[in-house]
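Structural overview for review
Spelled out, the chains give:
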Protein chains: 2
Amino acid sequence: MTTATFTVKGMTCGHCVSSVKEEVGEVPGVAGVQVDLATGLMTVESDSPLDAAQIRTAVAEAGYEVADPS
Amino acid sequence: MTTATFTVKGMTCGHCVSSVKEEVGEVPGVAGVQVDLATGLMTVESDSPLDAAQIRTAVAEAGYEVADPS
């Protein structure tokens, strides 16, 4: 199992979290998604490493943005 | 047509607005619901006057609160 973390910007409530989890959960290969509203931290589990661009696109489709790695 | 206005507290995003509109829209007699996120102003249309308590209950079921009239 592979785990990747992202910071999602713009979520304001639990509904936002649900939207992000739903979209990211639909990316092929994703086995699990956890999102912390307070920090924006999103943890994505998959059997094999995923293309981060696909995750970013899914977050964008939900209406939010992945922060650039600092 | 009767129109009643309420101020809803706690909404942070468009998903919150959708939740409130959905719950209030299910109250018997409600013909239309408009919600402004920025101000919290909710306008409820109905053919005949409604019990405000029912509207408050619907808002609470959505997870928010109607502000007391000032």
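My aim in this report is to walk through the structure given alongside it, one point at a time. Since we're looking at a predicted model, the values are computed, not measured.

About the criteria used
Residues numbered from 1 in each chain as written. Chains lettered and ligands numbered in written order. Predicted model: local features only at pLDDT ≥ 70, side-chain atom pairs only at ≥ 80, totals over all residues. Heavy atoms only, no water. Axes fitted to C-alpha atoms, helices over the stretch in contact; angles between N-to-C directions. Helix = DSSP H or I, 4+ residues; strand = E, 2+ residues; numbered from the N terminus. Parallel < 35°, antiparallel > 145°, perpendicular 65-115°, else oblique. Contact = heavy atoms within 4.5 Å. Nonpolar A, V, L, I, M, F, W, Y, C, P; charged D, E, K, R; others polar. Buried area = accessible area lost by both parts, 1.4 Å probe. Salt bridge = Lys/Arg side-chain N within 4 Å of Asp/Glu carboxyl O. Polar contact = N/O pair within 3.5 Å; in protein donor to acceptor, adjacent residues only side chain to side chain.

1. Focus: the packing of helix H1 (residues 14–25) of chain A against helix H1 (residues 14–25) of chain B
For any two helices packed against each other, one specifies the inter-axial angle together with the distance between the axes. Remark: H1(A) packs on H1(B), axes separated minimally by 8 Å, with the N-to-C direction vectors making an angle of 105°. In terms of orientation, H1(A) and H1(B) fall into the roughly perpendicular class. Residues A:His15, A:Cys16 and A:Ser19 of H1(A) form the contact with H1(B), whose own contacting residues are B:His15, B:Cys16 and B:Ser19. Among the residues making up the contact of H1(A) with H1(B), the classes are represented as two nonpolar, four polar and no charged.

2. Details of the interface of chain A and chain B
Counting residues at the interface gives six residues for chain A, matched by six residues for chain B. Note on chain A versus chain B: buried area summed over both sides is about 420 Å², and carbon and sulfur give 56% of it. Inspection of the region where chain A meets chain B yields zero salt bridges. The interface formed by chain A and chain B contains five residue pairs in polar contact (both at pLDDT 80 or more). Across the side of chain A that touches chain B, the residue classes break down as three nonpolar, three polar and no charged.

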